[in-house]
Amino acid sequence: MFNIGASELILLLLIAFVVVGPKDLPKVARALGRFVRYIRNMVEEVKREAGLDEIEKDFKDMDREVKESVRSADIRPDLQQTQLQINKELSSIKKDMSFKEFKNNNKVGGK
């Protein structure tokens, strides 16, 4: 929910220590924790009542299905395999042609 790093947390604790004082800091921290928990529960309750959690789940499911469809429609692996096969065939043809040229050159030179 909140993206608070270590430096921000230390700064907040120092400010709270100065403002509240060391004696009342644990009480304030507990009260703040209860308040945050209360707000989270309220947000969850509103989501449940409005059906937002179901809508969110539906969107996540659709996102997963779209990503899966895109992954299955990706033709790059097939193209790479075809390219490898073509390269092998070309290599084989090249070897055959060079062998035939070698044989032809030897016939002409041997006569």
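The structure reproduced in this document is the subject of the present report. (Residues numbered from 1 in each chain as written. Predicted model: local features only at pLDDT ≥ 70, side-chain atom pairs only at ≥ 80, totals over all residues. Heavy atoms only, no water.)

Within the protein one finds four helices and zero strands. Along its sequence from the N terminus, the protein presents helices and strands in the succession α-α-α-α. (Helix = DSSP H or I, 4+ residues; strand = E, 2+ residues; numbered from the N terminus.)

Along its 15 residues, helix H1 (residues 6-20) runs 21 Å from first to last C-alpha, staying within 8% of the 21 Å computed at 1.5 Å per residue. One or two positions beyond H1, positive phi appears at Gly 21, with a value near 100°. (Expected span 1.5 Å × (residues − 1).)

On to the pattern of salt bridges, then. Enumeration over the complete set of coordinates arrives at eight salt bridges. Among the ionic pairs, Asp 24 bridges to Lys 27, the shortest N-O distance being 3.9 Å. Judged by its relative accessible area of 32%, Asp 24 is partly exposed. Here Asp 74 and Arg 76 are joined by a salt bridge, their closest N and O atoms 2.9 Å apart. When its relative accessible area of 28% is taken as the criterion, Asp 74 is described as partly exposed. The class of Arg 76 is exposed, set by a relative accessible area of 56%. Salt bridges here are not isolated pairs; linked through shared partners, they connect Glu 44, Lys 47, Glu 56 and Lys 60. (Salt bridge = Lys/Arg side-chain N within 4 Å of Asp/Glu carboxyl O. Buried < 20%, exposed > 50% of the residue type's maximum accessible area, 1.4 Å probe, protein only.)

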